[in-house]
Every structure is written in C-alpha cells, then in structure tokens.
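# Chain and residue survey
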Amino acid sequence: MTTNTNTIHTTDATDAASTIHAKRLDFAKAAPKAFRALIGFDAAARGGLDPALVELIQIRSSHLNHCAYCLHMHTNDARKAGESEDRLHMVAVWREARHFFTPKEQAALALTEALTLVAGAGVPDDVYAEAAARFEDEELGQVIALICAINTWNRVALSTAKVAGTDERRR
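Below you will find a few notes about this structure. (Residues numbered from 1 in each chain as written. Predicted model: local features only at pLDDT ≥ 70, side-chain atom pairs only at ≥ 80, totals over all residues. Heavy atoms only, no water.)

## Examining the nonpolar core
I57, L111, F135 and V143 are the most contacted members of the largest nonpolar core, which totals 26 residues. Going through the elements one at a time, α4 (51-64), α7 (103-116), α9 (125-134) and α10 (137-159) are the ones with two or more residues in this core. Looking at this core, the element that brings in the most residues is α7, giving six residues. Of all hydrophobic cores here, the second largest spans nine residues; its members include C67, Y69, C70 and W153. (Core = buried A, V, L, I, M, F, W, Y, C linked by side-chain atoms within 4.5 Å. Buried < 20%, exposed > 50% of the residue type's maximum accessible area, 1.4 Å probe, protein only. Helix = DSSP H or I, 4+ residues; strand = E, 2+ residues; numbered from the N terminus.)

## Here's the deal with the pattern of salt bridges
Applying the stated criterion to the full structure yields eight salt bridges. Residue D42 pairs with R46 through a salt bridge whose shortest N-O separation is 2.6 Å. Of the two residues, D42 and R46 both sit in helix α3 (residues 32-46), four residues apart, roughly one turn of that helix. The partner of R95 in a salt bridge is E113, and the shortest N-O contact between them spans 2.8 Å. Separated by 18 residues along the polypeptide, R95 in the loop between α6 (85-90) and α7 and E113 in helix α7 bring together distant segments of the chain. On the basis of relative accessibility, which here comes to 39%, the residue R95 falls in the partly exposed class. One network of salt bridges, with partners in common, ties together R60, R95 and E113. (Salt bridge = Lys/Arg side-chain N within 4 Å of Asp/Glu carboxyl O.)

See the structure below:
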C-alpha cells in the first residue's frame, strides 16, 4: 500500500475506507429509524418501475452527485440485471448517444438531471412536460420519488465517506 496526503492505493477497498475515514459514523447504526425509513421510501419508490429504468436513474444521479459508492453499486446491479456495457458507458453522455436509450428513458434521464441539480434552475417546464408525456401520473410520481431517494442515498454515502467497492448490502 502506498500512501500520500491525498490518495491511498490499495487492492482492498475496505482497508482504504478504514484508513482514510476512520472517524465517519455508521449512518445505519447512528440513525436506525431514519435508515429504515429511507429503505422503505426507496422500496416504495421503485414499485411498478422497470428495473432497468430504476438503475439508469440511480446511475445518472450518482454521476451528477459524484457518488462513487452508489455508482459502483448501481452499475453492478444493472449488469446483474442484464444491462449492456454499451448502455452503461453511455449514461453519462446520454444526450450525445440518444440512440442507446428509448424516448421514455431519455425523459427520465433529463428529469433526473433537473431534479438532482434542482438548485441551479429548478425543473424546467419542457423537461417536466416531456416526462409527463412519457409516463402515466402514477409512474411519473414513482420516478420523482426514486430520484429523490437516490439523491438522499448519494448524500448519505458522501457525508459518511462510503468507499466504492464496499457494498454493505452484501454483509
């Protein structure tokens, strides 16, 4: 293992996590009711949505939030669910690679960007209108809830310094 003040190079992500961020709290233990509520919200948000769409939304939000922990988790989940490497590589640049995504997926990705970056310009009317045209009301509500859920997970992972490759769901 090579260490400097900015980076640790290691083959064991768990060692890196414990070395770099030993003082960060375990959110699940420190706030168990909030953690369980977030798990419940996440599960409810996914209800009725295409699993591939769920992963695309979570991947794009994780890109925008720079959350390596969630990005690693959701790209792996997408692969296990049968998502193609081509599409996974194109999520970050979907506007330049629209042919990889359906119009419904494009609308969801645009809404994901707008809602994830909501402080910048709100959710533009044209982005919302396109999503509303592609999704029934109930499904659009689920998409919005999912975007809110992954943004919350990204913030929990970033604030507690979760390390990519240490997916704790597999404990």
